[in-house]
Amino acid sequence: MQQVLKIGALIMLVAMTGWANAQTLDGEAIREMTISPNPVVNSFQLSFESEGNSEVNVKVFDVTGKVIYNHNYNDVNGNYSKKFSVSELNLVPGMYLVRVRRGNEHVTKKMIVKA
């Protein structure tokens, strides 16, 4: 029953935010976004490639749509990688969505945090 509720919340979140196509589609401006390792225990590495020199926004959402992390990175060009710790973001075990946005394009990936 708990799994069904989690899946239902994710479907609702995707429907509310319009992320349905972004889950599997990398845009031209942001490519090869990875979260490693996934599932996450203590920390994870967010990596992506961005074309051109521009501002990139990174957000982490919980399954209810609450923004857990929101930061703009300036002058991102080429390969970008940042390490995050579970404790620094105050993440509890569960499912999250990580979105990288550049201009009108974004890529969203699912991330699982384990205890």
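Everything below is about the structure printed above this text.
Residues numbered from 1 in each chain as written. Predicted model: local features only at pLDDT ≥ 70, side-chain atom pairs only at ≥ 80, totals over all residues. Heavy atoms only, no water.

Undergrad: So what's going on with the overall build of the protein chain? Which residues, and what values?
TA: Within the protein chain one finds one helix and five strands. In sequence order, the protein chain lays out its α and β elements as α-β-β-β-β-β. Looking at the protein chain as a whole, 38% of its 115 residues are labelled buried. Within the protein chain, contacts between residues at least 6 apart in sequence are counted, and of these 56% link residues at least 24 apart. Surface summary for the protein chain: the accessible area is close to 6,700 Å², and the carbon and sulfur share equals 52%. (Helix = DSSP H or I, 4+ residues; strand = E, 2+ residues; numbered from the N terminus. Buried < 20%, exposed > 50% of the residue type's maximum accessible area, 1.4 Å probe, protein only. Contact = heavy atoms within 4.5 Å. Areas by Shrake-Rupley, 256 points an atom, 1.4 Å probe, with all protein chains shown as cover.)

Undergrad: Go over the pairing of strand 5 (residues 105–113) with me, naming the residues and quoting the values.
TA: Of the pairings in the sheet, the one linking strand 4 (residues 94–102) to strand 5 comprises nine bridges and is antiparallel in character. From the neighbouring strand, R102 faces strand 5, where its bridge partner is E105. The loop that links strand 4 with its antiparallel partner strand 5 comprises two residues; one of these, G103, has a positive phi angle of about 60°. (Pairing = 2+ DSSP bridges.)

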